[in-house]
Amino acid sequence: MRLHLSSLAPAFALILAACSAEDLPPEERIVAPILTTEEAFDEFTFARPQEARVTHVALDLALDFDAKTIGGTATLDVLSAPDASEIVLDSNGLQVASVTDADGAPLTFAMGETVEGKGEPLTIQLGAGEAKADKLIVTYTSAPEAEALQWLAPEQTAGGQHPYVFSQGQSINNRTWIPTQDSPGIRQTWDARITAPAPLDVVMSGIIRGEAEELANGQRAFEFTMENPVAPYLIAIAAGNIDFAELGPRSGVWAEPETLEAAKAELVDTEAMIDAAAGLYGDYRWGRYDMIVLPPSFPYGGMENPVMTFLTPTFIAGDRSLTGLVAHELAHSWSGNLVTYSSWRDGWLNEGVTSYIENRISEVVFGETRASQERGLSFAAVEEMVAANSATLPLTAMRSPAGTSPFDTASEAIYDKGALFLHTLESIIGREKFDPWLRGWFDNHAFQPATSEMFLADLRDNLIKGDTALEESLMLDEWVYGTGLPANAARPDPAAFAAVDAAASAYAADKSLDAAAWGEWSTAERMRFLRTLPEALSGSELAALDRTLGLSKTGNNELRFLWLEAALRNRYEPAVPQAEEFLGRVGRNKFVAPLFKALMGEGEWGRANARRIYADTRGSYHSFTRGNVDELLGT
Ligand code: BES
Ligand code: ZN
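This one's a predicted model, so the numbers in the text were calculated from it and none came from an experiment.

**Things to note about the sheet that holds strand E19 (residues 302-303)**
Read from one edge of the open sheet, five strands run E16-E17-E18-E20-E19, paired in mixed fashion. If you trace the sheet from one side to the other, it starts and ends with strand E16 (243-248) and E19, each paired once. Summarising the sheet, strand E17 (residues 251-255) and strand E18 (residues 289-293) pair through four bridges and their orientation is parallel. Bridging across to E18, Trp-254 finds its partner in Ile-292.

What follows is the structure in structure tokens.
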């Protein structure tokens, strides 16, 4: 551990002093530091970790599918500064029945006022002197509407027979089911014992301990443990009628039996991806890499829950062309999970660095052509963002403005511009120096929080080393803190899309289509073509596009989405039932929100369709997707 003690506030130095080796709990758990610089500050937590912080969470919880609640106890290990008499946790809608110390003696607690988007502070009195509590037992239940959890009725699953539940902690939703300090800079180890009704299986973002234990009344108990300190948004759970298929010595996939074979076939490159990433950035430090393919209401493409990536089933195209998603979630095992932003404002440190690594993995596993096409798509997204509108200019900075909700950042700024920043560094510095530096960044900050400032300081200390010409050519501060697209951006190779861009120009000029060429193109090339279609298309032109390219029949959800978007923005009536079917089946926000947005931009025709479709589909969406569509429709 490399700690800069001189830069630490006195209170934190005390906490560090309090966790020297002999004070560690018997299991020798690692206590990760807390950063105290201004840049590291997280305004979305009520916690004051420099006074008192959680170091370990032990959950003992039961899943109640009828009540749609998770309840039981959370036992928290607490480290407090000598003069601190209370600890503040994050809650959002938790029903807390009691808080005691390790001996069961009640502790005074108070739930504060709700702050919109943030939840409530749960303040617990620790006592003083000899009797001061260093372990708390919180007995509680989550609310049925807890944002982190989606409870699915059997008919929302592929099998249709059993209920299902999954959690999504990022960004600040785990406080709706776990009473802890819910901030990415306050890392915690954790373990859990979860009971669920048979025959459901439970998975978590920790290593499973032993076999399920059969209990009375048809319940079973599962135990998990995470010995690496992780940001608390990474604690995740899913339960349903799921089976497991092995992919390799350290990887496998869970899915409903109806989906498992297709999932397994799509994921055959997983071991190669792990090898590629480990070859570039150092050992995979988490033991296993398993995935679960969730029902289609999962609101994201993927979520990098440690040792158990959560995936949308919509990435299954049958030809492994959308598995960049897996490379992405796997890459978070270094950028995001090993080294984690301390505040949500540094989104790019997780997502931009990850998108860069995703591309490096793609290059090794699928080759330079696919990787360079994926860079081309991403670069175009940055250009479109920058061209979009000056009102959103502040959001084009990689480090988000203070006050920005972690749900309201511009993904192009964080993912695409962030990745482009690293591609630019790589191209100026050269891989032979840049790759070892990035690997060193992960090694030196493993299992610790980080900030933009630290990333730049590390680059300057270990790579630039006073070379003023190099410093100037990199434009580091402009990239991270500035808006727009810096002049030194590494431009994608125009050759990546030469053929498809020529075809798109021909189409724009005389609406000529080459079905044979389309048949040869990769998914990235097809996406490029569909994204560069003229905005306005007539009904007969859309019909010809569909007929010639088979768009309404494609099993590739990225292409289906782009087709529906083009069709709806042109009020193409035959696409309405197709959109209705898609929106009724899929809850991934990236697809759902833009399709409703396209409809809402089409006058009364579109609005009436949007309202009619949403009346049927709203109940099936996760709270994240639902919240976004509610806003679009003014519901
Ligand atoms: N960590 C993100 C998902 C996320 C980000 C959830 C912010 C909540 C707040 C995940 O790794 C991700 O980026 N998913 C993308 C994958 C894509 C970029 C390949 C997604 O869901 O679309
Ligand atoms: Zn990500």
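**What to know about the site of ligand 1**
Around ligand 1, a shell composed of 15 residues is seen, among which Gln-170, Gly-301, Glu-304, Glu-329 and Tyr-415 lie nearest. Burial of ligand 1 by the surrounding chains reaches 84%, relative to a free accessible area of 530 Å². Elements supplying a minimum of two residues to the shell around ligand 1: E19 and helix H4 (324-331). Residue composition of the shell around ligand 1, by class: four nonpolar, seven polar and four charged.

**Some details on the side chain of Arg-29**
The topology assignment puts Arg-29 in the loop between helix H1 (10-18) and strand E1 (52-64). On the basis of relative accessible area, Arg-29 is assigned to the buried category, the value being 16%. A distance of 3.3 Å separates the side chain of Arg-29 from the side chain of His-56, its partner in a polar contact. Here Asp-77 takes part through its side chain, which lies 2.9 Å from a polar atom of the side chain of Arg-29.

**Some words on the pattern of salt bridges**
All told, the structure shown has 36 salt bridges when counted by the stated rule. Across the pair Asp-77 and Lys-135 runs a salt bridge whose closest N-O atoms are separated by 2.8 Å. Residue Asp-77 is found in strand E2 (residues 69-80), and its partner Lys-135 is found in strand E7 (residues 135-141); the two are separated by 58 residues along the sequence. A relative accessible area of 9% means that Asp-77 is categorised as buried. Note that Arg-209 is salt-bridged to Glu-223, the shortest N-O span being 3.5 Å. Remark: Glu-223 occurs in strand E14 (residues 219-230) and Arg-209 occurs in the loop between strand E12 (207-208) and strand E13 (213-214); sequence separation between them is 14 residues. Residue class for Arg-209 comes out partly exposed when judged on its relative accessible area of 38%.

**Section: the packing of helix H8 (residues 431-444) against helix H9 (residues 452-464)**
The geometry of H8 relative to H9 is characterised by a closest axis approach of 11 Å and an angle of 125 degrees between their N-to-C directions. On the basis of the axis angle, H8 is oblique to H9. Once H8 is placed against H9, the crossing between them reads as right-handed. Facing Lys-433, Phe-434, Trp-437, Leu-438, Trp-441 and Asn-444 of H8, the residues of H9 in contact are Met-454, Phe-455, Asp-458, Leu-459, Asn-462 and Leu-463. Across the contact of H8 with H9, the residue classes tally to eight nonpolar, two polar and two charged.

Cut-offs used in this document
Throughout this document, residue positions are counted from 1 along each chain, in the order its sequence is written. For this description, chains carry letters from A and ligands carry numbers from 1, given in the order in which they are written. Predicted model: local features are reported for residues with pLDDT of at least 70 only, side-chain atom pairs are reported and counted for 80 or more only, and whole-chain, interface and lining totals are derived from all residues. Derived side-chain values reflect all non-hydrogen atoms in the structure, with water molecules and hydrogen atoms excluded from consideration. Criterion used throughout: strands pair if DSSP finds at least two bridges between them. Runs of H or I in DSSP of at least four residues are treated as helices and runs of E of at least two as strands, each being numbered from the N terminus. Throughout this document, a residue counts as near a molecule or strand when at least one of its heavy atoms sits within 4 Å of that molecule or strand. Every accessible area reported is derived by Shrake-Rupley at a probe size of 1.4 Å, with residue values counting cover from the shown protein chains alone. Residues are grouped as follows: nonpolar covers Ala, Val, Leu, Ile, Met, Phe, Trp, Tyr, Cys and Pro; charged covers Asp, Glu, Lys and Arg; every other residue, Gly included, is treated as polar. A 1.4 Å probe rolled over the protein chains alone gives each residue an accessible area, and that area as a share of the maximum for its type sets the label: buried under 20%, exposed over 50%, partly exposed in between. Side-chain atoms alone can form a polar contact between residues adjacent in sequence; in general such a contact is a pair of N or O atoms within 3.5 Å, and within protein one must be able to donate a hydrogen while the other accepts it. Salt-bridge detection follows one rule: a side-chain nitrogen of Lys or Arg within 4 Å of a carboxyl oxygen of Asp or Glu. Axis angles are defined between N-to-C directions and span 0 to 180 degrees, where every axis is a line fitted to C-alpha atoms and, for a helix, only to the segment in contact. Oblique is the label for every angle not falling under 35 degrees (roughly parallel), over 145 degrees (roughly antiparallel), or within 65 to 115 degrees (roughly perpendicular). We call a crossing left-handed when the near helix sits turned anticlockwise from the far one by less than a right angle, and right-handed when that turn is clockwise. Contacts are residue-level and defined by heavy atoms, with any inter-residue pair within 4.5 Å sufficient.

Keep in mind these values describe shape, not function.
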